[in-house]
Amino acid sequence: MPLPAENSAFPPAPFDTAYASYAENEAWYLGDLKKLGEIYSQNGATRQATHLHNGTLHRGGLMGGVSRMFWGRPVPPGQESRRLHIPAPADLAMLAADYGFAEPPTVALPAKVNTDTTTSTKIDTIRREQVRLDLIANSDAVKATWNEMGELKSVFGACAVITEWDREVADHPWLRSVAADSIIPEWRGSKLSALTLWTGYPDPNRPNVVYRHLQRHEVGRIVNRLYKGTSTKIGSVVPLQTLPQTEYLAAITSEGQDEGTLLTGIKRLTASYNINMPSREWRKLGDLRNAGRSDFAGILPLFDQLDETWTAWSRSIRLSRARITAPAAFLTSNGPGQASTFDEDREVFTGLDRPIGDSETGSGLDFFQPDIPVEQYEATAYALYREILRAAGYSPSAWGEYGNQVKTATEVQDREKSSERTRDKKALYDKAAISEQASVALEIDGLVFPGKGGGRFDLPSVSFPAVSQSDPLRDAQVIGLLDGARAITVDTKVRTAHPDWDDARVRKEVDGILADSQPAADPASPSF
């Protein structure tokens, strides 16, 4: 799909379907209770009940079925909503980012090893291109970008990895991630052929006017356009100088190209599409089949049930406040003809027309406080938590264990296997996208900042460390047993003890161990 025609609908079909799902996921992710109420009510109309059926409040119309969701149910007339939200969706997205990128990946070009001809010793050399690659793909800034990407693609199902550069901002290209709710990908078969990013700029003086900056990445060029439209229409193209945020793009137009068009000088895309997991719901829907799947897919009703449980628990606490019933003589009169008032924080509020002393306690006062079924509410909440984690592919222990049972290290590792499998599957997509754009950025670096080490090289490798720290004592015992059976090499010992080390560091450690293990010279020997 090229850039949209003027005054056409935006987002264009079929991405309007995907964007509706993105908006729903975003409302849960942000905990936007107003937005959730609008989504699960009749087009955002009033959520007040329209009738009573079999003692239950209902709202008429076709959207009545949606009202079965807790956040879509009508509020009784005249009653204030006290519904609560637990940020489990945001916690789940943060959990996905933690598992994926709390220990960030390392991006490296194939090692270049030289041999010392005098000693026949292999020597690792530091490559200039690796130094530039470290600046682009291994810096703290890009590690923070990966963490953000892990969280957003958990919510929306995919992110784009973009190569950007600006001589006036930095002396090297950098990588950026953009969530799926701000991109429109184009496919040729299963391969990305082009990708359009967009950013909205609402006009503060005209509520109905929305400016949109569209940036289309094609093989060999990047096209920037600014549109002036509405919330549902793309509108017409206006000069990039219209907004200060896009004015600079007009100045970087390549010679002989339309305004805002930049030739990249390479025959590759400066954008990669990185899915969270393969789509289920849209796998037969053409352009959406490669859109990816959110961790929220299929579990929004569980989020809804969790909020309902938490709200009911809070209501039970509110209604279980201690109350005292007392004779009318014990209460303060508001004066003749004055109506009684109710204060829910007042501990004595109910007057009974009976003699003082006529009560269970003999004092004229009766105390009442209902029990709170804490165990039932807590068990229900934790059961929902477990189902949310299971459906998203994570171990039940990912959010902590329920109960006080003590588990061995082996049992804990067994419980973490689901999380590690999910992380490993997601890492396959991360590796492909990061490797591709790291290579593109390094090639752009060679063109825009020549002489510093950038250029076109083999695809770099992307290595993720172990998802969780293993028990050092257990690892030492295993290594000791295998060593005693002479069934493990020094190299394997080092890699087992330090799974996050690269080949060069492992080789150096192995050489040090072998040197230290050489037998000491015998003082009685003539050669001593």
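For the structure given in this document, a descriptive report is provided here. (Residues numbered from 1 in each chain as written. Predicted model: local features only at pLDDT ≥ 70, side-chain atom pairs only at ≥ 80, totals over all residues. Heavy atoms only, no water.)

Two elements in contact, helix α7 (residues 300–319) and helix α8 (residues 374–392), have axes whose closest approach is 10 Å; the angle formed by their N-to-C orientations is 165 degrees. With respect to α8, the axis of α7 lies roughly antiparallel. Every pair of crossing elements has a handedness; the one defined by α7 and α8 is left-handed. For the pair formed by α7 and α8, the contact residues are L302, F303, Q305, L306, T309, A312, W313 and S316 on the first element and V374, Y377, E378, T380, A381, L384, Y385, E387 and I388 on the second. Its residues assigned to classes, the contact of α7 with α8 shows 11 nonpolar, 4 polar and 2 charged. (Axes fitted to C-alpha atoms, helices over the stretch in contact; angles between N-to-C directions. Helix = DSSP H or I, 4+ residues; strand = E, 2+ residues; numbered from the N terminus. Parallel < 35°, antiparallel > 145°, perpendicular 65-115°, else oblique. Left-handed = near helix turned anticlockwise from the far one by under 90°. Contact = heavy atoms within 4.5 Å. Nonpolar A, V, L, I, M, F, W, Y, C, P; charged D, E, K, R; others polar.)

This part covers the sheet that holds strand β14 (residues 271–275). One open sheet holds the 3 strands; their spatial order is β7-β6-β14, and the pairing between them is antiparallel. The open sheet terminates on both sides in strands that have one partner only, identified here as β7 (174–179) and β14. Within the sheet, the average angular offset between the axes of one strand and its neighbour, ignoring direction, is 25 degrees. As defined by bridge partners, strand β6 (residues 158–164) adjoins β7 across 6 bridges and the pair is classed as antiparallel. For T163, the partnering residue across the bridge sits in β7 and is L175. With respect to the sheet, helix α5 (residues 140–156) is in contact with β6, β7 and β14, its orientation differing from that of β7 by roughly 15 degrees. (Pairing = 2+ DSSP bridges.)

Turning our attention to α5. For α5, which comprises 17 residues, the first-to-last C-alpha distance of 24 Å matches the rise-based estimate of 24 Å (1.5 Å per residue) to within 8%. Among all positions in α5, only V142, T145, W146, M149, G150, E151, L152, K153, S154, V155 and F156 are buried. The positive-phi residue at the C-terminal boundary of α5 is G157, with phi of around 95 degrees. (Expected span 1.5 Å × (residues − 1). Buried < 20%, exposed > 50% of the residue type's maximum accessible area, 1.4 Å probe, protein only.)

With 7 of its 9 residues buried, strand β11 (residues 221–229) lies for the most part within the structure. The pairing of strand β10 (residues 210–218) with β11 spans 9 bridges and is classified as antiparallel. When the sheet's bridge partners are listed, Y211 is paired in β11 with K228. Counting the residues between successive antiparallel strands, the hairpin from β10 to β11 contains 2 residues, one of them, G220, with a positive phi of roughly 90 degrees.

Our next topic: empty space enclosed by the protein. One pass over the structure, following the stated rule, counts 2 cavities of 30 Å³ or more. Taken as a whole, the largest cavity encloses approximately 90 Å³ of empty space. If you trace the largest cavity, you find 13 residues lining it, with A96, G100, F101, K426 and D430 closest to the centre. Listing elements by their share of the lining of the largest cavity, those giving two or more residues are α3 (88–101), α5 and α10 (417–448). The residue inventory of the lining of the largest cavity, partitioned by class, reads 6 nonpolar, 3 polar and 4 charged. What lines the second largest cavity is simply F15, Y19, Y22, A180, I183, P185, Y273, D287 and A291. Where the lining of the second largest cavity is concerned, the elements lending two or more residues are α1 (15–30) and β8 (183–188). At 3 residues, the largest contribution of residues to the lining of the second largest cavity is made by α1. (1 Å grid on protein atoms, 1.4 Å probe; cavity = no way out; pocket = protein on both sides within 12 Å on 5 of 7 lines; lining within 4 Å. Points joined across faces, edges and corners; volume = space filled by probe spheres on them.)

Further remarks concern the pattern of salt bridges. Applying the stated criterion across every chain, the model contains 17 salt bridges. With a shortest N-O distance of 2.2 Å, R216 and E186 are connected by a salt bridge. Linking R216 in strand β10 with E186 in strand β8, this pair joins segments that are 30 residues apart in sequence. The two residues R216 and E186 agree in class, both being buried. Across the salt bridge formed by R456 and E443, the nearest N and O atoms sit 3.6 Å from each other. With R456 in the loop between α10 and β18 (461–463) and E443 in helix α10, the pair connects residues that are 13 residues apart, well separated along the chain. Note on E443: relative accessible area 13%, which makes it buried. Sharing partners across several salt bridges, the network here consists of E186, R216, E218 and R221. (Salt bridge = Lys/Arg side-chain N within 4 Å of Asp/Glu carboxyl O.)

With that settled, the discussion passes to unusual backbone geometry. That bond from F10 to P11 is cis: its omega, 0 degrees, falls within 30 degrees of zero. With respect to the helices and strands, the residue P11 is situated in the segment before α1. For N7, which is not a glycine, the phi torsion comes out positive at approximately 65 degrees. Its location among the elements puts N7 in the segment before α1. Looking at N7, the relative accessible area reads 55%, which means it is exposed. Non-glycine residue R486 carries a positive phi angle of around 55 degrees. With respect to the helices and strands, the residue R486 is situated in the loop between α11 (472–484) and α12 (490–497).

The subject of this paragraph is the nonpolar core. Residues L92, L195, Y273, F303 and Y394 are the most contacted members of the largest nonpolar core, which totals 78 residues. Beyond its immediate chain neighbours, meaning those up to four positions away, Y394 contacts L92, L95, A96, Y99, D295, L389, S418, S419, T422 and K426. (Core = buried A, V, L, I, M, F, W, Y, C linked by side-chain atoms within 4.5 Å.)

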